[in-house]
Amino acid sequence: MQQQRIGRPEAPSADRADRADRADRADRADRADRADRADRADTPGGPDNPGGPGSPGAPGRFRAAGRFRAAWRAAHAPVPGVSRRTRLLAYAVPFTVLPSSLWRLPAAFDAGIGIGERLYVVFLSVFSEAVAFTAIGLIARWGEVVPGWVPFVRGRRIAPAAVLVPAALGATALTLLWTVLSAFTEIMGTTIRGDALPTDFPSEAGGWEAASYYVCYTPLVLWGPLLAVLTVAYGKRRLGARG
């Protein structure tokens, strides 16, 4: 009898614990359901938000945009061991070339030039920017391992010398051309060959034309030195890891 009297109070306690457990599970399920409905409402093309990837003609566009963003992040993501300062210097290199590339493009629409010259102006601007972008490879994985889209050699490690030699030569040539020679000829008022600047040269025109020319071309003096700094940092990282 005494054991029965002692055991009876435990039943209500167990029942309360069971009810509390069921209420907690129901509350969690309700919160998950609300979160799921909110997520569907925020998802373009979902049943609660038509017009995005689920709408006719949209999925391919959104998938392509997603692939582009993923490729962009992968191309710019630094490998371990790259300092924040080095990463910012690498990101700055394309922007030293971009102003002059944009400054040249209107010349492609000049009525006084032929189709060959138009194509040359566009090609020069695009090619210059593409070459400047290779500086990102000195901090990114694709500067150490061949990317997966390259046939036959994809995934192979790139020898440090295969990067250091052309990078060092490029940094030297760009420094001599834009940092030293161009600055010197601009100060002297001559062409690279030593001839006097023509009267229609942008820096001789004066006014806004000369101002825009200097604003767009002055950043080029940094291209070679920045590439040299990135080349040294790349060499230290790769050769130091091998040692």
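Residues numbered from 1 in each chain as written. Predicted model: local features only at pLDDT ≥ 70, side-chain atom pairs only at ≥ 80, totals over all residues. Heavy atoms only, no water.

Visitor: Please provide a residue-by-residue account of the overall build of the protein, values included.
Guide: Counting secondary structure elements, the protein contains nine helices and zero strands. The order of α-helices and β-strands along the protein, N terminus first, is α-α-α-α-α-α-α-α-α. Put simply, the protein has 243 residues, and 25% of those count as buried. In the protein, once contacts between residues fewer than 6 apart in sequence are set aside, the share between residues at least 24 apart is 60%. Carbon and sulfur atoms form 65% of the exposed surface of the protein, whose accessible area is close to 16,200 Å². (Helix = DSSP H or I, 4+ residues; strand = E, 2+ residues; numbered from the N terminus. Buried < 20%, exposed > 50% of the residue type's maximum accessible area, 1.4 Å probe, protein only. Contact = heavy atoms within 4.5 Å. Areas by Shrake-Rupley, 256 points an atom, 1.4 Å probe, with all protein chains shown as cover.)

Visitor: Any details on the packing of helix H4 (residues 84–104) against helix H5 (residues 115–133)? Residues and values, ideally.
Guide: Relative orientation of the contacting elements H4 and H5 amounts to 175°, with a least axis distance of 9 Å. Looking at the two axes, H4 sits roughly antiparallel to H5. Of H5, the residues touching H4 (which contributes Val93, Pro94, Val97, Leu98, Ser101 and Arg104) are Val121, Leu124, Ser125, Ser128, Glu129, Ala132 and Phe133. Classifying every residue of the contact of H4 with H5 by side-chain character gives eight nonpolar, three polar and two charged. (Axes fitted to C-alpha atoms, helices over the stretch in contact; angles between N-to-C directions. Parallel < 35°, antiparallel > 145°, perpendicular 65-115°, else oblique. Nonpolar A, V, L, I, M, F, W, Y, C, P; charged D, E, K, R; others polar.)

Visitor: Please set out the packing of aromatic side chains residue by residue, giving values where relevant.
Guide: As enumerated under the stated definition, the model contains nine aromatic pairs in all. Measuring from ring centre to ring centre gives 5.7 Å for Phe133 and Trp142, while their planes differ by 10°; the resulting arrangement is stacked. Exposure remark for Trp142: the relative accessible area of 26% places this residue in the partly exposed category. Taken together, the aromatic side chains of Trp103, Trp178, Phe201, Tyr213, Tyr214 and Tyr217 make up a single cluster linked through ring pairs. (Phe/Tyr/Trp six-rings, centres within 6.5 Å; stacked < 30°, edge-to-face > 60°.)

Visitor: Quick rundown of helix H9 (residues 223–242)? Include the residues and the values.
Guide: Count 3.6 residues to each turn of an α-helix, and residues three or four apart come out pointing the same way. For H9, built from 20 residues, the straight-helix expectation of 28 Å at 1.5 Å per residue is met to within 8% by its first-to-last C-alpha distance of 29 Å. Residues of H9 that are buried include every one of Trp223, Gly224, Leu226, Leu227, Leu230, Thr231, Tyr234, Gly235, Arg237 and Arg238, and no others. Looking at the buried residues of H9, the elements they touch are H4, H5 and helix H6 (160–188). (Expected span 1.5 Å × (residues − 1).)

Visitor: Run through unusual backbone geometry, naming residues and quoting values.
Guide: Phi at Phe152 takes a positive value of approximately 75°, unusual for a residue other than glycine. Examined against the element boundaries, Phe152 turns out to sit in the loop between H5 and H6.

Visitor: Can you lay out the packing of H4 against H9 for me, pointing to particular residues and giving the numbers?
Guide: Axis separation between H4 and H9 bottoms out at 10 Å; the angle between their running directions is 150°. One finds that H4 runs roughly antiparallel with respect to H9. Here the hand of the crossing between H4 and H9 comes out left-handed. Across the interface between the two elements, Thr86, Leu89, Ala90, Ala92, Val93, Thr96 and Val97 of H4 pack against Trp223, Leu226, Val229, Leu230 and Ala233 of H9. For the contact of H4 with H9, a count of residues per class yields 10 nonpolar, two polar and no charged. (Left-handed = near helix turned anticlockwise from the far one by under 90°.)

Visitor: Can you break down the nonpolar core residue by residue, with the values?
Guide: Ranked by size, the top nonpolar core spans 28 residues in total, and within it Val93, Leu138, Ile139, Trp223, Leu227 and Leu230 carry the most contacts. Of all the elements in the fold, those that place two or more residues in this core are H4, H6, helix H8 (207–217) and H9. Here Leu230 is in contact with Thr86, Leu89, Ala90, Val93, Ala135, Leu138 and Ile139, once residues within four sequence places are set aside. (Core = buried A, V, L, I, M, F, W, Y, C linked by side-chain atoms within 4.5 Å.)

Visitor: Could you give an account of the pattern of salt bridges, naming the residues involved and the relevant values?
Guide: Counted by the stated rule, this structure contains one salt bridge. The salt bridge partner of Arg237 is Glu144, with a shortest N-O separation of 3.1 Å. Placement of the pair is Arg237 in helix H9 and Glu144 in the loop between H5 and H6, with a sequence separation of 93 residues. (Salt bridge = Lys/Arg side-chain N within 4 Å of Asp/Glu carboxyl O.)

Visitor: Can you break down H4 residue by residue, with the values?
Guide: Spanning 21 residues, H4 covers 32 Å between terminal C-alpha atoms, matching the ideal 30 Å at 1.5 Å per step. The axis of H4 is deflected most strongly, by about 30°, at Leu98, and proline Pro99 appears within four residues downstream. Of all the positions in H4, only Thr86, Ala90, Val93, Pro94, Thr96, Val97, Ser100, Ser101 and Arg104 are classed as buried. Summarising the contacts, the buried residues of H4 are in contact with H5, H8 and H9. (Bend = angle between axes of the 7 residues up to and from the residue.)

On their own, these measurements won't tell you what the molecule is for.
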